[in-house]
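Letter by letter, the chains look like this.
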Amino acid sequence: MKFIVKLFPEITIKSRPVRRRFIQRLQNNLQIQLKRISDNITVSGFWDKIEVVLPQESLASYEAVCSAMQQTPGVAFFIQVAEYPLGDFQDVFEKTLPLYVDRIKGKTFKVRVKRHGKHDFTSVDLERYVGGGLLQHSESAGVNVHTPDVYVDMEIRESNLYVVEKQLQGLGGYPLGSQEAVLSLISGGFDSVVASYMTMRRGSKTHFLFFNLGGKAHEIGVKQVALHLWQQYGSSARVRFISVPFDEVVGDILQNVHHSHMGVVLKRQMMRAAEQVADFMKIDAIVTGESIAQVSSQTIPNLTVIDQATKKLIIRPLITMDKQEIVDKTKMLGCFDIVKMIPEYCGVISDRPTTQAKLNKVLEEEACLNMDILNQAVLNSQKMQIDEIIENLDIQDDIEALSKVSENQVIVDVRAPNEQERKPLNMPGCEIILVPFYELEAAAVTWAEDKEYLLYCDKGVMSRLHAQNLQEKGFDHVKIFRPLV
């Protein structure tokens, strides 16, 4: 099976060296992604496309391959094609008919042919022949050359015929790694998640910086959403997750800054810390999820004062987006259900916060702060590769794991819904309930006390993490299910 990957249009207008570099980067990214699925998949780069070949023995991976290509920045769309040696017009029609006869039933259609190379016929000649054949041998509603219900697409390259079977939309954007790296401030909320995605889509290797204001539970939640975002849209490049303990910095602000300026000062302290981390990582830009006037600290005067706390470029992809647009975007990204379960920790709550901060007044307030506390927080930060998050969640080993299920036990599949659907847990005779990990706490309060609930996930790590969390909250009848391999 062959796929033809079409490039994001902005790539095609670049200079030849830049376009060649972008295509090579996209080819490498697809190779990294698809090799994880099957070693037999081949990825070949060309001037105007990339070809992906899924061999017969790997067809079971079809859905995973399509999903990976749809989530790879730089792909405008890709088409699944049937490839044949080019024969005469009748041969072309006979190869096209079985692919489209059901698809055009009761619908109007139009045949479109693209040709590359020298042939003794025109594209229009072949379109008319195939169109006439389909009209005669199908139950279509006829030909409509202006607004057809279905396009019958094919491409001829020299002596090869490609008949389009299916077209799937990609993310667009630039290939990940084709632009300079950025450091994204992620809180686990809707805004920071979408902002991080948007810089990934634009081709920037996006590292995550988290300011911990809510303790271990908050950090675990943010790590989960960052890992999910990276796995879905950025896993062709390894990035870092940096966690900075910011509770003492917040305490310093609460004690020494007037309440009206606490929000602005907190953001400036975050920018100073982010600058230090970015300097260490040799990164020139900081990404935030701020949007004009969404909260008091995000007015234009306040943002101007916040910007002056750092010499780094601050990128705000959401600066003019509405909140509902941002929330809707998280639904499209598959992050909504995860993000909505992460509580927001604002750190400071100002009484009548200023919306017109003046730099001289802010500097006067900051003169009372102990910058050693900020510097020490950065020194105490934890840095890890994003794919090492699971290994660093401080999960206890003493939670009981069972490989057999008794009558009074219920298996709880805690995987994300798409994983549950793609690979259902088949355990005949056992009671299985589907509760995605981000809904566990709400669901656990409804569970019967006379039953035991065994959490399950593919690798056993997330199930153990959430079993630990539930046990710490008093749900002692929660354990882990680990089937024997």
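Residues numbered from 1 in each chain as written. Predicted model: local features only at pLDDT ≥ 70, side-chain atom pairs only at ≥ 80, totals over all residues. Heavy atoms only, no water.

1. Describing the overall build of the chain
- Across its full length, the chain holds 17 helices and 19 strands.
- Principal-axis analysis of the C-alpha atoms gives the chain an extent of 85 × 65 × 40 Å.
- Excluding contacts between residues fewer than 6 apart, the proportion of contacts in the chain whose partners are at least 24 apart in sequence is 79%.
- Summing over all exposed atoms, the chain offers an accessible surface of approximately 23,400 Å²; the carbon and sulfur share of this is 50%.
- Between the mean site of the 55 positive side-chain charges and the mean site of the 61 negative ones, the chain shows a separation of 7 Å. (Helix = DSSP H or I, 4+ residues; strand = E, 2+ residues; numbered from the N terminus. Contact = heavy atoms within 4.5 Å. Areas by Shrake-Rupley, 256 points an atom, 1.4 Å probe, with all protein chains shown as cover. Lys, Arg positive; Asp, Glu negative; His and termini not counted. Charge placed at Lys NZ, Arg CZ, Asp CG, Glu CD.)

2. Here we look at the pairing of strand S1 (residues 2–7)
- The element S1 is extensively covered by neighbouring structure, given that six of its six residues are classed as buried.
- Here S1 shows no split at all, with Lys2, Ile4 and Lys6 on one side and Phe3, Val5 and Leu7 on the other all buried.
- In this sheet, strand S4 (residues 75–85) lies alongside S1 in antiparallel orientation, the contact comprising six bridges. Its bridge partner lying in S4, Val5 is registered against Phe78.
- Direction of pairing for S1 relative to strand S3 (residues 49–53): antiparallel, over a ladder of five bridges. Looking at the pairing, Lys6 lines up with Lys49 of S3. (Buried < 20%, exposed > 50% of the residue type's maximum accessible area, 1.4 Å probe, protein only. Pairing = 2+ DSSP bridges.)

3. Here we look at the UniProt feature "domain: THUMP" (unreviewed entry) in the chain
- The UniProt record marks residues 63–167 with the feature "domain: THUMP" (unreviewed entry), using the residue numbering of this structure.
- Split by type, residues 63–167 is 33% helix and 36% strand. Its first and last C-alpha atoms lie 14 Å apart. (UniProt positions renumbered as here; feature names shortened; annotations may be inferred.)

4. Quick word on unusual backbone geometry
- Here Glu158, not a glycine, exhibits a phi torsion of approximately 55°, which is positive.
- Counting through the fold element by element, Glu158 comes out in the loop between strand S7 (150–157) and strand S8 (160–169).
- Here Ala293, not a glycine, exhibits a phi torsion of approximately 70°, which is positive.
- Counting through the fold element by element, Ala293 comes out in the loop between strand S12 (285–287) and helix H10 (300–307).

5. Here we look at the nonpolar core
- Within the largest apolar cluster, 54 residues are counted, with the highest numbers of intra-cluster contacts made by Ile186, Phe208, Leu229, Phe241, Ile386, Trp447 and Leu455.
- With seven residues, the single largest contributor to this core is helix H7 (residues 215–233).
- Here this core spans two domains, since at least three of its residues come from each of domain 2 (179–391) and domain 3 (396–481).
- Every residue in contact with Trp447, bar those within four places of it in the chain, is listed here: Val412, Ile433, Leu440, Tyr453, Leu455, Leu470, His477 and Val478. (Core = buried A, V, L, I, M, F, W, Y, C linked by side-chain atoms within 4.5 Å. Domains from an automatic or database assignment.)

6. Structural notes on the domain arrangement of the chain
- Taken domain by domain, the chain comprises domain 1 (2–169), domain 2 (179–391) and domain 3 (396–481).
- Spacing between the C-alpha centres of domain 1 and domain 2 amounts to 42 Å.
- The interface formed by domain 1 and domain 2 contains one salt bridge.
- One salt bridge connects Glu10 with Arg202, and the closest N-O pair in it is separated by 3.0 Å.
- If you look at where domain 1 meets domain 2, you find four residue pairs in polar contact (both at pLDDT 80 or more).
- The element that contributes the greatest number of residues to the side of domain 1 that touches domain 2 is helix H2 (residues 16–35), accounting for four residues. (Salt bridge = Lys/Arg side-chain N within 4 Å of Asp/Glu carboxyl O. Polar contact = N/O pair within 3.5 Å; in protein donor to acceptor, adjacent residues only side chain to side chain.)

7. Description of helix H11 (residues 323–333)
- The set of residues buried in H11 consists of Ile326, Val327, Thr330 and Leu333. Along the axis of H11, the buried residues cluster in a sector spanning 115°; they form a single face.
- Following H11 by one or two positions, Gly334 adopts a phi angle in the positive range, close to 80°. (Arc of directions from axis to C-beta.)

8. Some points on H10
- Those residues of H10 that sit buried are Asn302, Leu303, Val305 and Ile306. Each buried residue of H10 sits inside an arc of 160° when the element is viewed along its axis, so together they form one side.
- Packing partners of the buried residues in H10 comprise helix H9 (262–281) and helix H13 (359–366).

9. Quick look at the pattern of salt bridges
- This model, assessed by the stated rule, comprises 25 salt bridges.
- For Lys323, the salt bridge identified is with Asp191, shortest N-O distance 3.0 Å. One end of the pair, Lys323, is in helix H11; the other, Asp191, is in helix H6 (residues 190–201), and 132 residues separate them in sequence.
- Each of the salt bridges in this network shares a partner with another, and the network as a whole consists of Lys2, Lys49, Glu51 and Glu83.

10. What to know about the sheet that holds S8
- Within the open sheet, the eight strands sit side by side as S2-S3-S1-S4-S8-S7-S5-S6. Their pairing is mixed. Of all strands in the sheet, those with a lone pairing partner are strand S2 (42–45) and strand S6 (142–143), marking the two edges.
- Across four bridges, S7 lies against S8 in antiparallel orientation. From the neighbouring strand, Ile156 faces S8, where its bridge partner is Leu161.

11. A few points about the packing of H9 against H13
- Running from amino to carboxyl end, H9 crosses H13 at an angle of 75°, the nearest separation of the two axes being 11 Å. In this view, H9 runs roughly perpendicular relative to H13, as classed from their interaxial angle. Residues Val264, Val265, Arg268 and Arg272 of H9 touch H13, and the partners they reach there are Leu359, Val362, Leu363 and Glu366.
- Residues of the contact of H9 with H13, tallied by class, amount to five nonpolar, no polar and three charged. (Axes fitted to C-alpha atoms, helices over the stretch in contact; angles between N-to-C directions. Parallel < 35°, antiparallel > 145°, perpendicular 65-115°, else oblique. Nonpolar A, V, L, I, M, F, W, Y, C, P; charged D, E, K, R; others polar.)

12. A few points about a nonpolar patch on the surface
- Taken together, Leu135, Val143 and Val145 make up a surface patch of nonpolar side chains, about 250 Å² in accessible area.
- Among the secondary structure elements, Leu135 is positioned in helix H5 (residues 123–137). (Patch = residues over 30% accessible without salt bridge, like charges linked within 9 Å, V, L, I, M, F, W, Y side chains within 5 Å.)

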